[in-house]
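Structure at a glance
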Amino acid sequence: MTAAFKSQLDAALGFFYPEVCQLCEQQRATAKEGYVCARCWQSVRFIVPPFCACCGLPYEGEITTPFECSNCREMDLHFRWARAAVASEGIVRGVIHRYKYNSARWFEPFLAGLLIRQAAPTLRGGEWDMIVPVPLFKIREREREFNQSERLARRLAEAVSLPVRTDLLVRTQPTMTQTKLTRTKRAENVRDAFGLREGARLQGERVVVVDDVLTTGATTSACAKILRSAGAGDVCVWTVARGL
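This text gives an overview of the structure that appears in the document.

**Concerning helix α4 (residues 90–101)**
A rise of 1.5 Å per residue sets the reference length of α4, with its twelve residues, at 16 Å; its end C-alpha atoms lie 17 Å apart and thus fit the reference within 8%. Among all positions of α4, only Val 92, Val 95, Ile 96, Tyr 99 and Lys 100 are buried. Summarising the axial view, the buried residues of α4 lie within an arc of 120°, below the 170-degree limit, and thus occupy one face. Contact partners of the buried residues in α4: β1 (81–87), α5 (108–123), α6 (138–144), α7 (148–160), β5 (206–214) and β6 (234–242). Of the residues one or two after α4, Ser 103 is the one with positive phi, at around 55°.

In structure tokens, the structure reads:
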């Protein structure tokens, strides 16, 4: 997305939406800010150490040595590590829900900004080769009219100068929403949900899988398994939010 196009998009949004926070409806907020004001933004909880070395689940206390949570010790995860920018709570949870299910795409700059702020420093060092968003099943993407993971991935990719590859993974079957499923049911739900696009191969490339929310890691791990089977040399995960 070029700077000129962004400027035109902001102007168009400004015409249809007043420059007011779409959460508190009291403070000023612009399209560039995703219509989230500074006061609401301050309630966001960024994830900082200590957290699980594998899935990034944050912990309270003075833990200074690397550790894995019980969830990761009991699951067969196929990514090396997963990280999230912020906790999925409060306004973040509400914004993600409205963005995904109510087509509130004006929140996208806010969500992408959170992801870029936390992920970019670790992705600019040259260790990773590409970004792969978690795909939606084709019918669901048609109904929603966009894939939130792909849109967020493209914004992150632009910030860190990495290519986005949507020609590798495909969602082969619809799945129930993971929100209310147990850890075991989540893994079962997505076990055969992804596949490799015909003719897709990798030759040791290091892949960053991007999604909007990570809870147990079942979805992104299923994607990582397919990518490794296709020849990926390494797989990590970045998401906007982490379910607690």
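**Some words on the packing of aromatic side chains**
Each aromatic ring pair is described using two quantities: the centre-to-centre distance and the angle formed by the ring planes. Tallied over the full model, the rule gives six aromatic pairs. Relative to Trp 238, the ring of Trp 81 lies with its centre 6.5 Å away and its plane at 90°, an arrangement referred to as edge-to-face. Separated by 157 residues along the polypeptide, Trp 81 in strand β1 and Trp 238 in strand β6 bring together distant segments of the chain. Of the two residues, Trp 81 and Trp 238, both sit in the buried class. When the ring of Trp 106 is compared with that of Phe 107, the centres are 5.9 Å apart and the planes differ by 50°; the resulting orientation is tilted. Since its relative accessible area comes to 17%, Trp 106 is described here as buried. Here the aromatic residues Trp 81, Trp 128 and Trp 238 are joined through ring pairs into a cluster of three or more. If you follow Arg 117 out to its NZ or CZ, it ends over the ring of Phe 46, 4.1 Å from the centre.

**Observations regarding the packing of α4 against α5**
Running from amino to carboxyl end, α4 crosses α5 at an angle of 125°, the nearest separation of the two axes being 10 Å. Between α4 and α5, the crossing angle belongs to the class labelled oblique. Once α4 is placed against α5, the crossing between them reads as left-handed. Residues Ile 91, Val 92, Val 95, Ile 96 and Tyr 99 of α4 lie in contact with α5, whose contacting residues are Glu 108, Phe 110, Leu 111 and Leu 114. Taken together, the residues of the contact of α4 with α5 break down into eight nonpolar, no polar and one charged.

**Section: unusual backbone geometry**
Backbone torsion omega between Pro 49 and Pro 50 reads 5°, so that peptide bond is classified as cis. The backbone of Glu 145 shows a phi angle near 75°, a positive value even though the residue is not glycine. On the secondary structure map, Glu 145 appears in the loop between α6 and α7. Since its relative accessible area comes to 58%, Glu 145 is described here as exposed.

**Considerations on the nonpolar core**
Nonpolar side chains in soluble globular proteins tend to end up buried together. Of all hydrophobic cores here, the largest spans 43 residues; its most connected members are Val 86, Leu 111, Leu 115, Leu 123, Ile 131, Leu 156 and Val 208. Among the elements that take part in this core, α5 stands out by supplying eight residues, more than any other.

Conventions adopted
Residues numbered from 1 in each chain as written. Predicted model: local features only at pLDDT ≥ 70, side-chain atom pairs only at ≥ 80, totals over all residues. Heavy atoms only, no water. Helix = DSSP H or I, 4+ residues; strand = E, 2+ residues; numbered from the N terminus. Expected span 1.5 Å × (residues − 1). Buried < 20%, exposed > 50% of the residue type's maximum accessible area, 1.4 Å probe, protein only. Arc of directions from axis to C-beta. Contact = heavy atoms within 4.5 Å. Phe/Tyr/Trp six-rings, centres within 6.5 Å; stacked < 30°, edge-to-face > 60°. Lys NZ or Arg CZ within 6 Å of the ring centre and 35° of its normal. Axes fitted to C-alpha atoms, helices over the stretch in contact; angles between N-to-C directions. Parallel < 35°, antiparallel > 145°, perpendicular 65-115°, else oblique. Left-handed = near helix turned anticlockwise from the far one by under 90°. Nonpolar A, V, L, I, M, F, W, Y, C, P; charged D, E, K, R; others polar. Core = buried A, V, L, I, M, F, W, Y, C linked by side-chain atoms within 4.5 Å.

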